[in-house]
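For reference, the chains in residue letters:
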Amino acid sequence: MAWSQDEERMLALIEQHLTDEDPRLAARLESFNERVERRRRGRRRDDRERRRSMPRRSTIIIVVSWLLIATLIATLLIMALHHDAAALPG
């Protein structure tokens, strides 16, 4: 949400008064803001890299489910064919 011009002007006045009255505190706050912004930018970059390199959890669950279903079907077919072969008179 964007600030109105009045709010921007008021914030600038507050910042100027703070800088005039306590320059050390203003410098510490500015340093803190810079560190937070650097960390936020780094986190965004890390998140993007992680998303590209790792498949989503839902994708892994779907793949494992399909493998289990395929294994069960194959097992049932093998058992049915083995049972049919055993039932035939020799």
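Higher on the page you've got the structure.
Note that the structure is a prediction, hence the values are computed from the model and not measured.

Colleague: Looking at this structure, how should I read the overall build of the protein chain?
Modeller: If you tally the helices and strands in the protein chain, you get three helices and zero strands. Listing the helices and strands of the protein chain from first to last along the sequence gives α-α-α. Residues classed as buried in the protein chain amount to 2% of the 90 residues present. Surface exposure of the protein chain reaches about 9,100 Å², of which carbon and sulfur atoms provide 61%.

Colleague: Where do I start with the pattern of salt bridges in this structure?
Modeller: As a working rule, side chains carrying opposite charge can pair if their charged atoms are close by. Going through the model one piece at a time under the given rule, you end up with two salt bridges. Measuring nitrogen to oxygen at the nearest pair gives 2.4 Å for the salt bridge that ties D6 to R9. Of this pair, D6 and R9 are both found in helix 1 (residues 5-21), three residues apart, which corresponds to roughly one turn of the helix. A salt bridge links R40 to E37, with the nearest nitrogen and oxygen atoms 3.2 Å apart. Of the two residues, R40 and E37 are both situated in helix 2 (residues 23-53); the distance of three residues between them amounts to about one turn of the helix. Owing to a relative accessible area of 29%, E37 belongs among the partly exposed residues under this scheme.

Each value, and the rule that gives it
Residues numbered from 1 in each chain as written. Predicted model: local features only at pLDDT ≥ 70, side-chain atom pairs only at ≥ 80, totals over all residues. Heavy atoms only, no water. Helix = DSSP H or I, 4+ residues; strand = E, 2+ residues; numbered from the N terminus. Buried < 20%, exposed > 50% of the residue type's maximum accessible area, 1.4 Å probe, protein only. Areas by Shrake-Rupley, 256 points an atom, 1.4 Å probe, with all protein chains shown as cover. Salt bridge = Lys/Arg side-chain N within 4 Å of Asp/Glu carboxyl O.

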